[in-house]
Amino acid sequence: MREIIRVAEDCGVTYCVEAVNRFEGCLINTAKEALAYVEAVDSLNIGILLDTYHMNIEEDSIPAAIHLAGDRLVNFHTGDNNRRCPGRGHINFDEIFQALADIHYTGRIVSEPFVAKGGEVGKDIFVWRDLEEDMSPEYRDKEAAYLLKYEQDMLKKYGMA
Ligand SMILES: [Mn+2]
């Protein structure tokens, strides 16, 4: 990675290391491991990507993981514990957005709901049943609108928008 990251430096790209849960990866499962990796590569063009779905499985404390990543956090994925939209499961997104505000996070927040069984992605991440009662495109558009409002409201609530 120390060799490859020079290409990112030359192109002005920031490469993200995502900590994923133990069932999907064996190298970097936690923010602590991601931070150690990023520090070992030692480039301004490598950063950490944390994902609430994975953190819910691996971290002792999600806010503490966000604080640990601090200014090395450059991208953030949101999904609830069931991999539906934030607010559709039992992860505490208030404490997550508070932690993002605490570290003055200004990077992207990308939502990754995975709700459809089958296909390459569904098999790769073990979605064995459809996770919405209604899988129609119209309903998914409604969920997307819900998701956007939910996260915009959180950003406002914690002074990030
Ligand atoms: Mn992710």
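Look up a bit, the structure's there.
What you are looking at is a predicted structure, and each value in this text was computed from that prediction instead of being measured.

Remarks on the environment of Arg129
(1) Moving on: Within the secondary structure, Arg129 is located in the loop between helix H6 (119–124) and helix H7 (137–157).
(2) Moving on: Here Arg129 falls in the exposed class, since its relative accessible area comes to 57%.
(3) Moving on: Each C-alpha atom of the pair Arg129 and Val115 lies 8.1 Å from the other, and the pair is 14 residues apart in sequence.
(4) Moving on: With residues up to four places along the chain from it excluded, the contact list for Arg129 reads Val115 and Lys117.

Comments concerning unusual backbone geometry
(1) Moving on: Notably, Asp42 is not glycine yet its phi reads approximately 60°, a positive angle.
(2) Moving on: Position of Asp42 among the secondary structure elements: in the loop between helix H2 (31–41) and strand S2 (46–51).
(3) Moving on: Judged by its relative accessible area of 65%, Asp42 is exposed.

Notes on the nonpolar core
(1) Moving on: Formed by 31 residues in total, the largest nonpolar core has its most connected members in Ile48, Leu50, Ile66, Leu73, Phe76, Ile96 and Leu100.
(2) Moving on: Every element with two or more residues in this core is listed here: helix H1 (5–11), H2, S2, helix H4 (62–69), strand S3 (73–78) and helix H5 (93–102).
(3) Moving on: Top contributing element to this core by residue count: H5, with 6 residues.
(4) Moving on: Apart from the residues within four sequence positions on either side, Ile66 is in contact with Leu50, Met55, Leu73, Phe76, Ile96, Ala99, Leu100 and Ile103.

Concerning the coordination of the manganese ion
(1) Moving on: Distances from the manganese ion to its protein donors, Glu18 (OE), Asp51 (OD), His77 (ND1) and Glu112 (OE), fall at 2.1 to 2.2 Å.
(2) Moving on: Read in sequence order, the donor residues coordinating the manganese ion give the pattern E-x32-D-x25-H-x34-E. You can see Asp51 sitting in strand S2 and its partner His77 sitting in strand S3, a full 26 residues away along the chain. When sorted by exposure, Asp51 lands in the same class as His77, which is buried.

Reading the values: rules and limits
Residues numbered from 1 in each chain as written. Predicted model: local features only at pLDDT ≥ 70, side-chain atom pairs only at ≥ 80, totals over all residues. Heavy atoms only, no water. Helix = DSSP H or I, 4+ residues; strand = E, 2+ residues; numbered from the N terminus. Buried < 20%, exposed > 50% of the residue type's maximum accessible area, 1.4 Å probe, protein only. Contact = heavy atoms within 4.5 Å. Core = buried A, V, L, I, M, F, W, Y, C linked by side-chain atoms within 4.5 Å. Donors = N, O, S within 2.8 Å, 3.2 Å for Na, K, Ca; no water.

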